[in-house]
Amino acid sequence: MENRKKVAFYTLGCKLNFSETSTIARNFNDEGFDRVDFEEVADIYVINTCSVTDNADKQFKQVVKKAMKLNDKAFVAAVGCYAQLKPEELAAVDGVDLVLGATEKFKITDYIHDLSKNDMGEVHSCEIAEADFYVGSYSIGDRTRAFLKVQDGCDYKCTYCTIPLARGISRSDALENVLKNAKEISAQNIREIVLTGVNIGDYGKGEFGNKKHEHTFLDLVQALDKVEGIERLRISSIEPNLLKNETIEFVSKSRTFVPHFHIPLQSGSNDILKLMKRRYLREVYIDRVNKIREVMPHACIGVDVIVGFPGETDEHFLETYHFLNDLDISYLHVFTYSERDNTEAVEMDGVIQANVRAKRSKMLRGLSVKKRRAFYESQLGTKRTVLFEGENKEGYIHGFTENYVKVKTPWNPELVNTLQEINLTKIDEDGSVRMEFVNKLAEA
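Residues numbered from 1 in each chain as written. Predicted model: local features only at pLDDT ≥ 70, side-chain atom pairs only at ≥ 80, totals over all residues. Heavy atoms only, no water.

1. Remarks on the overall build of the protein chain
1) Next: Counting secondary structure elements, the protein chain contains 13 helices and 19 strands.
2) Next: Against the globule reference of 22 Å for 444 residues, the protein chain gives a C-alpha radius of gyration of 22 Å, in line with a compact fold.
3) Next: Here the C-alpha coordinates of the protein chain stretch approximately 60 × 60 × 45 Å along the principal axes.
4) Next: Per-residue burial over the protein chain gives 56% buried out of 444 residues. (Helix = DSSP H or I, 4+ residues; strand = E, 2+ residues; numbered from the N terminus. Rg over C-alpha atoms; globule rule 2.2 N^0.38 Å. Buried < 20%, exposed > 50% of the residue type's maximum accessible area, 1.4 Å probe, protein only.)

If you want it as structure tokens, here you go:
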């Protein structure tokens, strides 16, 4: 009997990358490969790359080294955003045999004819203008939730961002296909689906290969809310100018969509927002937060923010800090600005020194801890529903409530991948929240 070849995957970057890695892995399975963990010896290692920050670029080389230590004869393939932006650079990394761009990655098995090591990585990378078709994806790795891709690419021209260069124009999955994928996911006993994409609020554009919107993001959430078998739906990052009041109101009354929003801000200074070529000013952001709080006072609101953008003076930074401090939000994802080739920002004056960027980042991370603590404290004494995850961490099982409060209770394998009604009781030293079961039988 012929031995089946083994393939392992490593994903850098966002939820969208995870959904695409999972789809590529299923393609390998269809071609007769067995998937193994990246920590195991494999015949092929596939690395799905990210290029949002320079740190992700450095991580790639470390992951290749790790693969080569496991099996120095293994075939190594690189796909993803960094592979599209700088294919020759990746191909030159010692150990890399194949580099595939934005359109080629979903046909990876077509490019693997034999598993011989190459002296130099072979590159197949299209012009990004050719990345104009849509490939649906969803991830299944963690038993409790799945990432469902609904949209790809971006037509925005933010001056710091390489994603349009790496992923092409904005385009969407057909609504019918999204619903089909959602049903497939829910049939596999997965409790929560997270909607993901590059700019999901732009959903509907390019749905059938044209630029006009056949459906809107509101149409999408309304249709998904009716799918039988789905217990929880969560919206990942969505631009403030595309998060409409009608969507917020629908989520507040929804059967399945949870009260959790992650809304990129990037700066609390209108001067910096203009330099970034963002499509809103801070006043729009305030309106969105106020609308959410009006209809869902208990909602969790996360914020992306960039520090150290060219031209960000101390006054601009303090404007952002005070803006966020005064805003009723729940946590921050803080990104330190890093220069990316082929962006407008890399040519801008007013470069911020690395030590100043680091100091500003530390200040906002501290603010995030304070904001999350205040949000958790506001939830103590309330009744919520928690979805428990599958890992035993030092004798505890963790999970997240519908409004994204992280909770813990002593390990019980029967709780894995179950939804339980709980009362939030107190905040633990590690920042997670202790709880009591509403139904005592749930502890059995």
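2. A few points about the pairing of strand β17 (residues 406-410)
1) Next: Two elements, strand β16 (residues 396-401) and β17, share five bridges in a ladder whose sense is antiparallel. Note that in β17 the partner of His-398 across the bridge is Lys-408.
2) Next: Alignment of β17 against strand β19 (residues 433-437), held across two bridges, turns out to be parallel. Pairing of Val-407 across the sheet is with Val-433, part of β19. (Pairing = 2+ DSSP bridges.)

3. Overview of helix α12 (residues 314-326)
1) Next: Helix length check: α12, at 13 residues, gives a terminal C-alpha distance of 18 Å against a target of 18 Å (1.5 Å per residue), a fit within 8%.
2) Next: All of the buried residues in α12 are His-316, Phe-317, Thr-320, Tyr-321, Phe-323 and Leu-324. Each buried residue of α12 lies within a common arc of 165 degrees when the element is viewed along its axis, so the set occupies one face. Exposed and facing more than 90 degrees away from the buried side of α12 are Glu-315 and Asp-326.
3) Next: Elements that come into contact with the buried residues of α12 comprise β12 (260-266), α10 (270-276), α11 (282-295), β13 (300-307), β14 (331-336) and α13 (354-379). (Expected span 1.5 Å × (residues − 1). Arc of directions from axis to C-beta. Contact = heavy atoms within 4.5 Å.)

4. Let's talk about the pattern of salt bridges
1) Next: Under the counting rule described, the total for this entry stands at 32 salt bridges.
2) Next: Of the charged contacts, one joins Glu-231 and Arg-191 as a salt bridge, the two residues approaching to 2.7 Å between their closest N and O atoms. Here the residue Glu-231 occupies a position in the loop between α8 (217-224) and β11 (232-235), and Arg-191 occupies one in the loop between α7 (175-186) and β10 (192-196), the gap between them amounting to 40 residues.
3) Next: Residue Glu-294 pairs with Lys-291 through a salt bridge whose shortest N-O separation is 3.7 Å. (Salt bridge = Lys/Arg side-chain N within 4 Å of Asp/Glu carboxyl O.)

5. Describing the side chain of Thr-103
1) Next: Inspection of the secondary structure puts Thr-103 in the loop between β5 (98-100) and α5 (108-111).
2) Next: At a separation of 3.3 Å, a polar atom in the side chain of Thr-103 contacts the side chain of Glu-104. (Polar contact = N/O pair within 3.5 Å; in protein donor to acceptor, adjacent residues only side chain to side chain.)

6. Re the packing of α8 against helix α9 (residues 245-253)
Helices that pack against each other are described as a pair by the angle of their axes relative to one another and the distance between those axes.
1) Next: Where α8 contacts α9, the two axes come as close as 9 Å, and the packing angle between them is 15 degrees. When the axis of α8 is compared with that of α9, the two are roughly parallel. The two elements α8 and α9 cross, and the hand of that crossing is left-handed. In this structure, α8 uses Phe-217, Leu-218, Val-221 and Gln-222 to contact α9, whose residues at the interface are Glu-246, Thr-247 and Phe-250.
2) Next: Residue composition of the contact of α8 with α9, by class: four nonpolar, two polar and one charged. (Axes fitted to C-alpha atoms, helices over the stretch in contact; angles between N-to-C directions. Parallel < 35°, antiparallel > 145°, perpendicular 65-115°, else oblique. Left-handed = near helix turned anticlockwise from the far one by under 90°. Nonpolar A, V, L, I, M, F, W, Y, C, P; charged D, E, K, R; others polar.)

7. Here's the deal with the sheet that holds β19
The pairing of strands in a sheet happens through backbone hydrogen bonds and is either parallel or antiparallel.
1) Next: What the five strands build is a closed barrel, ordered β15-β16-β17-β19-β18; its pairing is mixed. Each strand axis lies, on average, 55 degrees off the axis of its neighbour in the sheet, ignoring direction.
2) Next: In this sheet, β19 lies alongside strand β18 (residues 419-427) in antiparallel orientation, the contact comprising five bridges. When the sheet's bridge partners are listed, Asn-423 is paired in β19 with Glu-436.

8. Considerations on the sheet that holds strand β6 (residues 122-124)
1) Next: Taken together, six strands build an open sheet; the order of strands is β2-β1-β3-β4-β5-β6 and the sheet is parallel. Both edges of this open sheet fall to β2 (34-36) and β6, since each of them pairs with a single strand only. Direction aside, neighbouring strands of the sheet carry axes that sit 25 degrees apart on average.
2) Next: Relative to β2, strand β1 (residues 6-11) runs parallel, the two sharing three bridges. Bridge assignment links Lys-6 to a residue of β2, and that residue is Asp-34.
3) Next: Helix α1 (residues 15-30) contacts β1, β2 and β3 (44-49) of the sheet and is inclined by roughly 170 degrees relative to β1.

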